[in-house]
Amino acid sequence: MLLQTVTPVSVLGTTVLLALFLSVTAHVAARNVLGDVDPRRALYVGPLPAVISVVGNAFELPAALILLAGLLVDGTMFWWSYEEPRRVVAGMTLIHAVVTTLLAGVLILVSVLLASMPG
């Protein structure tokens, strides 16, 4: 078993990578709902849910609470960034959650396959 040391750099790196991943999937969700949109707007959506996830897991909060807080902040950031009605924002938030879950699942399975590769 590998020993993992938590350092400020590792926490910052994890948060930045998660924020970038969430911003990319937010852009995919926004394009799915709104059509052609400015990709820079999605950069506002990813960071706060990433911070909520990292901080919530650091304090070992219940997963349901972290998920609920993340979805509420995600929807708020979509509303603030894209200035759309609540129904449209709810659709973008739902699609964002689905796209993020599916893409994360694919990336995890690919990493498992690569880790179990012989040789």
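(A) Summary view of the pattern of salt bridges. Following the criterion strictly, the structure yields two salt bridges and no others. The salt bridge partner of Asp36 is Arg31, with a shortest N-O separation of 3.4 Å. By relative accessible area, which is 44% here, Arg31 ends up partly exposed. Taking the shortest distance from any N to any O, the salt bridge between Arg40 and Asp38 comes out at 3.3 Å.

(B) Representation of the nonpolar core. Among the nonpolar cores identified, the biggest contains eleven residues, and these are Ala26, Ala29, Ala30, Val37, Ala42, Val45, Met77, Phe78, Tyr82, Val89 and Met92. Counting residues per element, the ones that place at least two in this core are α1 (8-34), α3 (63-82) and α4 (86-115).

(C) Inspection of the UniProt feature "transmembrane region" (unreviewed entry) in the chain at higher detail. Under the UniProt annotation, the feature "transmembrane region" (unreviewed entry) is placed at residues 6-30 and 94-117. Within the segment residues 94-117, helix and strand shares are 92% and 0% respectively, and the terminal C-alpha atoms sit 35 Å apart.

(D) Spotlight on the packing of aromatic side chains. Inspection of every chain in the model, using the stated rule, returns two aromatic pairs. Look at Tyr44 and Trp80: their rings are 5.3 Å apart centre to centre, the planes differ by 80 degrees, and that puts the pair in the edge-to-face class. In this pair, Tyr44 is assigned in the loop between α1 and α2 (47-58) and Trp80 in helix α3, connecting sequence segments 36 residues apart.

(E) Inspection of α3 at higher detail. The end-to-end C-alpha distance of α3, which contains 20 residues, comes to 28 Å, matching closely the 28 Å that a straight helix rising 1.5 Å per residue would cover. Residues of α3 that are buried: Ile66, Gly70, Asp74, Gly75, Met77, Phe78, Ser81 and Tyr82. Viewed end-on, α3 has its buried residues packed into an arc of 165 degrees, placing them on one side of the element. Seen from the open side of α3, the exposed residues pointing more than 90 degrees away from its buried face are Ala64 and Leu72. The inward-facing, buried residues of α3 contact α1, α2 and α4. Positive phi shows up at Glu83, right after α3, with a value of about 50 degrees.

Conventions used here
- Residues numbered from 1 in each chain as written.
- Predicted model: local features only at pLDDT ≥ 70, side-chain atom pairs only at ≥ 80, totals over all residues.
- Heavy atoms only, no water.
- Salt bridge = Lys/Arg side-chain N within 4 Å of Asp/Glu carboxyl O.
- Buried < 20%, exposed > 50% of the residue type's maximum accessible area, 1.4 Å probe, protein only.
- Core = buried A, V, L, I, M, F, W, Y, C linked by side-chain atoms within 4.5 Å.
- Helix = DSSP H or I, 4+ residues; strand = E, 2+ residues; numbered from the N terminus.
- UniProt positions renumbered as here; feature names shortened; annotations may be inferred.
- Phe/Tyr/Trp six-rings, centres within 6.5 Å; stacked < 30°, edge-to-face > 60°.
- Expected span 1.5 Å × (residues − 1).
- Arc of directions from axis to C-beta.
- Contact = heavy atoms within 4.5 Å.

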